[in-house]
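# Commentary on secondary and tertiary structure
Chain by chain, the residues run as shown.
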Amino acid sequence: MKHTLIASLAALITSLAVTGAETRLPADPQPTPLSEGKPVKASTVWSAGYEAAKANDGDDESRWGAAPDARSGWLEVDLGQDTEVAFVVIKELAYQRTKAFAVECKEGGNWHEIATGNTIAGEKVLKFTPVTARYFRLHIKAASDVPTIEEFQLYAPGAKITARAEKPRDPKLKWFDEAKYGLFINWGLYSIPAGEWNGKPYDNIGEWIMHSAKIPVKEYEQLAKQFNPGKFNAEEWAQLAEDAGMKYLVFDCKHHDGFALYHSEISKYNCYDATPWKRDPMKELQAACDRHHIKLCFYYSQATDWHEPNGGMNNWDFKPDNEKDFDQYLRDKSLPQVKELLSNYGPIGLIWFDVPVMMSAQRSKLFADLVHSIQPATLINSRLGEGNLHDYQSMGDNEIPHRVISGAWETAATINDTWGYKKNDHNWKQPDNITFKLVDIVSKGGNYLLNVGPMGDGSIPQPSQDILRKVGKWLKVNGEAVYGAGKTPFGDELGKSDWRCTVQPLDWAWGKPGKLYFHLFKWPGGQFNLTGVNGKIKQSYMLADPERKLLGMELTAAGDKLTVRLPEKATDEIDSVLCVEVE
Ligand code: H79
C-alpha cells in the first residue's frame, strides 16, 4: 500500500523541540550580550583557567568551573549601571550537570528570582518580562557534579536570537559519523591491583588508584615487574569489537599513571622494557584491527602524568604543579610519545586526549601541529586544552545530553562504574540499557565510545563480553538505523521517555527523501501514530522482519496524522525499529 501525505509540520516540530522559552542558538550576525566582558564573580573556582570570566568571554570553548567538591554555586555579573535585561542565554554544553537553577537580579541588596529551571541541557534561552538592575546572577542550586558553565549571557530587549545554522561537516569526520559506536579500552598497571591497595578497597575509578591511595612512584613502579598478561590476545579483542558492532577502538596507550602500553623509545617505563612480558600490544592491535576493519585510535594523557617530576598532578611525590617545569615534561615525554604513536602504528583514526591541566592555547597548538604534520586525517577530541583545536567535542565522562547537539560529538562511558578493571565492580549495564544509550546518543547527533577494562592477565571480563555481543546481535539486524544515521527531526527525545528517532541520510531534513527510524523500546501495541509529516510517506515496515512486509497505514481526513498498523507483538525484545520511508 502506498500513501502520499503532505502536512505542515512546523507547529509539531516546534512543540516537540521547544519547551518553555528555549530555542537553539544563534545565527550570524549574533547580537552582543550586555554582559560580555563585564566584571563577573563566582562562588568558587576549579583552578586557574576556569575563572568566572570564562563564562563571560563570548567563547564557547572556555568555561567557568566551580571547586572540585561543589555541587551548587553562582556566577554574578556586574553591568556597571542599571540596565534593562529581557532574556538570558545559558550554555552548559559539555558537562550537563545542573539539576535546579534560578536567574536572579539584585534589588535593595537582596537577590530576587526572575526565572527558574531544572536542567540546562546544552543551551537554554530564558525570556522574561524585562527587568532593570545592575547585578544579575545565575544561581545553580543543585548539580549532579561540579557545576561548569561555558557562557552566561544577558541580553537587551529586542536582541534577536535565532536558530544556529549547522556548520558544514569537515570531510575528515566522515568515518566518525559512519562509525557511531566504538570500543574504549582502559588497561594498564592499575589493572593488577584492580581497585585495592594493601588490602584496602578504594571507591574511586580503578585507574585512579595511584592517586587515590597516594602511592609513591617507587612503589607503584614495582607493578611493572608483575605485568605479564598471558591472556592478552589482540585478535580476540578486535573480534569482540567486530561482534559488538563497534567500528573503532580507542586504546589507552598511556594513562595518568605515566606507564606506556606500547614499546616506547622515549621512556623505558613501558610494557616492553619494564616488564617480563616484552611485547607491544599496540603493534598486535594494529594488525588485528586491520583484519577486522576496525579503526585503530589511541588515548593519551598528555598533561597529567603522576610518574614524572614535571608532569601534571602528582603532588605527593613532587612539587605542586605551579612550581613544576611543565614544558620540560611536554618537550621530553608527552610530545615525543605522541609522535611515536602517530609514526609507528599506521593510520590512526583519532587521538583521545584527556584532563588538560595547564594546557594553554600555546601548548595545545604544539600537539595539534604535531598531529597534523604526521597524520593530517587523524581527529583530535576536545580535551586537548585551550585554543579550540579539536575536531569533535567530548562530552563529560558518562554524560549524555538531554537534547540534540549540533556538530560532531561523542560520549565516552563505562560499562560498569569504572574504566580500569576493579574486581569488586559488578554493576554491569545490561544490553537493553546499552542499546538505549547508543540509540539515544545517535538520535541526538553523537557517537558512543563504550569502555571495557581488561584484567591484569589481559582478558576482558566475561560479563562485558556477553553484554557487548548481545547489543551486537541487535545491531546486526538494525544497524542501518545507527551507522551513519542522523539526529531526530522531532526535537529532543521525541517527547517520549522510551521512544527515539534516527534518520538516514545523516543530514536528512523535512522535504527530502529518506528513512525515519522509530525505536520503540516500549511496544505501543496495535498502532503507531505520527502527528504530521512534512513530506511524502512511501511505506513502512519493521527492520526485524526479514521479509520487510509492508505495514498498513492510514491518514486522517485532514491529512495531518499518520497511523501505522503494527504487528501484535514487539519484533525485538529490546528495541523494535519501525522504518517509515519518505519519498
Ligand atoms: O580514562 C578515564 C578516566 O580515568 C579519565 N577519563 C576517562 C576516559 C578521567 N580523568 N579524570 N577524570 C576522569 C575525572 C576523575 C575524577 C575522579 Fe576523583 C577521580 C573522581 C574520583 C577519582 C579526583 C580524585 C576527583 C576526586 C577524587
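For the structure, see preceding data.
### What to know about the environment of Met358
- Mapped onto the elements, Met358 comes out in the loop between strand 14 (350-353) and helix 9 (361-374).
- Distance in space between the C-alpha atoms of Met358 and Asp327 is 9.8 Å, their sequence separation being 31 residues.
- With sequence-adjacent residues up to four places away left out, Met358 is seen in contact with Gly312, Asp321, Phe326 and Arg363.

### Considerations on the sheet that holds strand 24 (residues 561-565)
- Here we have three strands laid out as an open sheet, ordered 21-24-23, and antiparallel in their pairing. Here the strands that pair on one side only, and so sit at the sheet edges, are strand 21 (527-531) and strand 23 (553-555). Neighbour to neighbour, the strand axes of the sheet diverge by 20 degrees on average, direction disregarded.

### A look at helix 6 (residues 234-244)
- The set of residues buried in helix 6 consists of Ala234, Trp237, Ala238, Leu240, Ala241 and Ala244. Taken around the axis of helix 6, the buried residues stretch over an arc of 155 degrees, which confines them to a single face.
- Its buried side turned inward, helix 6 meets strand 9 (181-185), strand 12 (248-254), helix 7 (281-291) and helix 11 (462-478).
- Positive phi shows up at Gly245, right after helix 6, with a value of about 80 degrees.

### Quick look at a negative patch on the surface
- A contiguous patch of negative charge on the surface is contributed by Glu36, Glu51, Asp57, Asp59, Glu61 and Glu386.
- Along the chain, Glu36 turns up in the loop between helix 1 (10-17) and strand 1 (40-42).

### Regarding the sheet that holds strand 18 (residues 446-452)
- The strand order across the open sheet formed by eight strands is 15-14-13-12-9-18-17-16, and the pairing between neighbours is parallel. Strands with a single pairing partner mark the edges of an open sheet, and in this sheet they are strand 15 (379-380) and strand 16 (393-394).
- In this structure, strand 12 lies alongside strand 13 (residues 295-300), joined through six bridges in parallel fashion. Paired with Phe251 across the bridge in strand 13 is Phe298.
- Where helix 10 (residues 431-443) meets the sheet, it contacts strand 9, strand 17 (409-414) and strand 18, and its direction lies at approximately 150 degrees from that of strand 18.
- Each of strand 9 and strand 18 is contacted by helix 11, which is oriented at about 170 degrees to strand 9, the strand it contacts most.

### So, the side chain of Asp78
- Within the element layout of this structure, Asp78 appears in strand 3 (residues 73-92).
- In this structure Asp78 comes out as buried when scored by relative accessible area, which is 16%.
- A distance of 2.7 Å separates polar atoms of two side chains, one belonging to Asp78 and the other to Arg134.
- In contact with Asp78, not counting residues within four places along its chain, are Lys38, Pro39, Arg134 and Tyr135.

### Digging into the pattern of salt bridges
- Enumeration over the complete set of coordinates arrives at 34 salt bridges.
- Asp440 is paired through a salt bridge with Lys444; the nearest N and O atoms lie 2.9 Å apart.
- You can call Asp440 buried: its relative accessible area is 6%.
- In this structure Lys444 comes out as buried when scored by relative accessible area, which is 1%.
- We note a salt bridge from Arg548 to Glu480, for which the minimum N-O separation is 3.2 Å. Here Glu480 lies in the loop between helix 11 and strand 19 (499-504) and Arg548 lies in the loop between strand 22 (537-542) and strand 23, a separation of 68 residues in the sequence.
- Residue class for Arg548 comes out partly exposed when judged on its relative accessible area of 29%.

Parameters and conventions
- Residues numbered from 1 in each chain as written.
- Predicted model: local features only at pLDDT ≥ 70, side-chain atom pairs only at ≥ 80, totals over all residues.
- Heavy atoms only, no water.
- Helix = DSSP H or I, 4+ residues; strand = E, 2+ residues; numbered from the N terminus.
- Contact = heavy atoms within 4.5 Å.
- Pairing = 2+ DSSP bridges.
- Axes fitted to C-alpha atoms, helices over the stretch in contact; angles between N-to-C directions.
- Buried < 20%, exposed > 50% of the residue type's maximum accessible area, 1.4 Å probe, protein only.
- Arc of directions from axis to C-beta.
- Patch = residues over 30% accessible without salt bridge, like charges linked within 9 Å, V, L, I, M, F, W, Y side chains within 5 Å.
- Areas by Shrake-Rupley, 256 points an atom, 1.4 Å probe, with all protein chains shown as cover.
- Salt bridge = Lys/Arg side-chain N within 4 Å of Asp/Glu carboxyl O.
- Lys, Arg positive; Asp, Glu negative; His and termini not counted.
- Charge placed at Lys NZ, Arg CZ, Asp CG, Glu CD.
- Polar contact = N/O pair within 3.5 Å; in protein donor to acceptor, adjacent residues only side chain to side chain.

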